[in-house]
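One-letter residues, chain by chain:
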Amino acid sequence: MTADPIERAADLLRGSSRLLVFTGAGISTESGIPDFRGPDGLWNTVDPEDFTFERYLESAAARRRSWIRWSTSPLRQARPNQGHLATTEVARLGRLAGCVTQNIDGLHRAAGLADELLVEVHGNVWTVRCLRCPAEWPTEKVFDRVEAGEEDPHCPRCGGIIKLTVISFGQAMPAAEMHRGYAMAQAADAVLAVGTTLSVWPAADIPLAAARRGVPFVIVNLGPTDCDGIADLKLETPAGPTMSRLIDLLGR
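Cut-offs applied
- The written sequence of each chain sets the order in which its residues are numbered from 1.
- Since the coordinates come from a predicted model, pLDDT governs what is reported: local features require at least 70, and pairs of side-chain atoms require 80 or more to be given and counted, while whole-chain, interface and lining totals use all residues.
- Neither water nor hydrogens contribute to the side-chain values; these are computed over all heavy atoms in the structure.
- Should DSSP find at least two bridges between two strands, the strands are regarded as paired.
- Only runs of H or I of at least four residues qualify as helices and only runs of E of at least two qualify as strands under DSSP, and these elements are numbered from the N terminus.
- To define axes, lines are fitted to C-alpha atoms, for helices over the stretch in contact only, and angles between the resulting N-to-C directions are given on a 0 to 180 degree scale.
- Burial status follows relative accessibility: with a 1.4 Å probe on protein chains alone, a residue under 20% of its type maximum counts as buried, one over 50% as exposed, and anything between as partly exposed.
- Nitrogen and oxygen atoms within 3.5 Å of one another constitute a polar contact, given that in protein one can donate a hydrogen and the other can accept it, and given that sequence-neighbouring residues count only through two side-chain atoms.
- Whether two residues touch is decided by their heavy atoms; if any such pair falls within 4.5 Å, the residues are in contact.
- By the definition adopted for this analysis, an angle is roughly parallel if under 35 degrees, roughly antiparallel if over 145, roughly perpendicular if from 65 to 115, and oblique otherwise.
- By convention, the crossing between two helices is left-handed when the near helix turns anticlockwise from the far helix through less than a right angle, and right-handed when the turn is clockwise.
- Polar here means any residue outside two lists: the nonpolar Ala, Val, Leu, Ile, Met, Phe, Trp, Tyr, Cys and Pro, and the charged Asp, Glu, Lys and Arg; Gly therefore counts as polar.
- Working note: the arc is built from the helix axis to C-beta atom directions.
- Between 30 and 60 degrees the pair is tilted, below 30 it is stacked and above 60 it is edge-to-face, where a pair is any two Phe, Tyr or Trp rings, Trp via its six-membered ring, whose centres lie within 6.5 Å.
- We define the nonpolar core as a collection of buried residues of types Ala, Val, Leu, Ile, Met, Phe, Trp, Tyr and Cys that are connected through side-chain atoms lying within 4.5 Å of one another.

A.B. asks: Sorry if this is basic, but what is going on with the sheet that holds strand E4 (residues 127-130) here?
C.D. replies: Paired through backbone hydrogen bonds, the strands of a sheet run either parallel or antiparallel to each other. With antiparallel pairing, the three strands of this open sheet are ordered in space as E5-E4-E6. Strand pairing shows two members of the sheet lacking a second neighbour, strand E5 (136-138) and strand E6 (162-164), which therefore form its edges. Going across the sheet, the axis of each strand differs from the next one's by a mean of 25°, ignoring polarity. Here E4 pairs with E6 via three bridges, running antiparallel.

Next comes the structure, spelled out in structure tokens:
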């Protein structure tokens, strides 16, 4: 057996024609987006209670902080990196069952991954919806309002509270997206989890639903995950370069 861990991963996944890719914050750090739980993670700089749905609904001050935080976020300048592009390449090769991401940055879509192959289980930062009526807008239009001086913008149609489609703590998960994610897991013949600790539920159950069927399960993550003990192979390597080389090997 080869000693090169990426070649070993390629050997495990080479027979796959329906690969499920499950991604977390670690795939986007190379695009300049901080993760949540690392030394420089978001939870070390803000009050996690500000990310609860209840506080968002009840507190105008929390909503003001939220709009300032998102409108000045590095997400607005982030661009896809090698990891996102490699995932799209799996689709181009016709070997992707789907990509389920915990990320809200929209970078898989920006990398060219088709909507039918992408599930964003925690929503994304690029759409705003009214919580009272069906109205929605591109987020940049609302950011323009914030930057023009509206600290707590409301729906211009009904006056309701508006919010990014990002799922907050205490907010219901999107049932349709979860259903699509499990359908991809059911169709998958291998799983590749990238840049995730596999500790955030219920999203983390989606790749495990495939792994429980005994299909090859590979993890790429810097640092421990909750599933190191059940993976067929764990790679402690950076997401982007690892994904790029791995997909290159699979495409040969």
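Past the structure itself, the notes keep going.
A.B. asks: What is the right way to look at the side chain of Arg76 in this model?
C.D. replies: Counting through the fold element by element, Arg76 comes out in the loop between helix H3 (60-71) and helix H4 (82-92). According to the relative accessible area criterion, Arg76 is buried, its value standing at 19%. Of note is the side chain of Arg76, whose polar atom sits 2.6 Å from the side chain of Glu147. Once residues lying within four places of it in the same chain are set aside, the contact partners of Arg76 are Trp70, Ser71, Trp126, Glu140, Phe143 and Glu147.

A.B. asks: Got a minute to help me understand the packing of H3 against helix H6 (residues 139-147) in this structure?
C.D. replies: One way to put it is that H3 packs onto H6 with a least axis distance of 10 Å and a crossing angle of 115°. Relative to H6, H3 is oriented roughly perpendicular. Of the two elements, H3 crosses H6, and the hand of that crossing is left-handed. Here Trp67, Trp70 and Ser71 of H3 lie close against H6, whose contacting residues are Val142, Phe143, Val146 and Glu147. Tallied by class, the residues present in the contact of H3 with H6 amount to five nonpolar, one polar and one charged.

A.B. asks: Would you mind showing me how to read the environment of Asp248 here?
C.D. replies: Turning to its location among the elements, Asp248 is positioned in helix H9 (residues 239-250). A C-alpha to C-alpha distance of 9.2 Å links Asp248 and Ala10, two positions 238 residues apart in sequence.

A.B. asks: Got a minute to help me understand the sheet that holds strand E8 (residues 217-220) in this structure?
C.D. replies: One open sheet accounts for six strands, arranged E3-E2-E1-E7-E8-E9; its pairing is parallel. Sheet topology places strand E3 (118-120) and strand E9 (233-235) at the edges, where each strand pairs with a single neighbour. Direction aside, neighbouring strands of the sheet carry axes that sit 15° apart on average. As paired strands, strand E1 (residues 19-23) and strand E7 (residues 190-194) are joined by five bridges and run parallel to one another. Residue pairing across strands places Leu19 opposite Ala190, the latter belonging to E7. Here helix H1 (residues 5-13) sits on the sheet and contacts E1, E7, E8 and E9; the angle it forms with E9, its principal contact strand, is near 140°. In the packing of helix H7 (residues 175-187) onto the sheet, contacts are made with E1, strand E2 (96-101) and E3, and the angle to E3 comes to roughly 135°.

A.B. asks: Could you clarify how one ought to interpret H6 in this entry?
C.D. replies: The set of residues buried in H6 consists of Thr139, Val142, Phe143 and Val146. The arc that holds every buried residue of H6, seen down its axis, measures 105°, which confines them to one face. Elements in contact with the buried residues of H6: H3, E4, E5 and E6. Two residues or fewer after H6 comes Gly149, characterised by a positive phi angle close to 120°.

A.B. asks: What is the right way to look at the environment of Gly15 in this model?
C.D. replies: Tracing the backbone shows Gly15 in the loop between H1 and E1. The spacing of Gly15 and Glu116 is 101 residues in sequence and 23 Å in space, taken between C-alpha atoms.

A.B. asks: Honestly, the packing of aromatic side chains in this entry has me stumped. Any pointers?
C.D. replies: What describes a pair of aromatic rings is the distance from one ring centre to the other and the angle between the planes of the rings. Considering all chains together, one arrives at one aromatic pair under this definition. Consider the rings of Trp67 and Phe143, whose centres lie 6.5 Å apart with planes at 80°: the pair is edge-to-face. Linking Trp67 in helix H3 with Phe143 in helix H6, this pair joins segments that are 76 residues apart in sequence. A relative accessible area of 1% means that Trp67 is categorised as buried.

A.B. asks: When you look at the nonpolar core in this model, what are you seeing that I'm missing?
C.D. replies: Taken as a class, soluble globular proteins show a tendency for nonpolar side chains to be buried jointly. Residues Leu13, Leu19, Leu192, Val194, Val218, Leu235 and Leu246 are the most contacted members of the largest nonpolar core, which totals 26 residues. Of all the secondary structure elements, the ones that give two or more residues to this core are H1, E1, H4, E2, E7, E8, E9 and H9. Ranked by residues supplied to this core, first place goes to H9 with six residues. With sequence-adjacent residues up to four places away left out, Leu235 is seen in contact with Pro5, Ile6, Ala9, Val218, Ile219, Val220, Asn221 and Thr242. Formed by 23 residues, the second largest nonpolar core is a distinct cluster that contains Met184, Ala188, Ile206 and Phe217.

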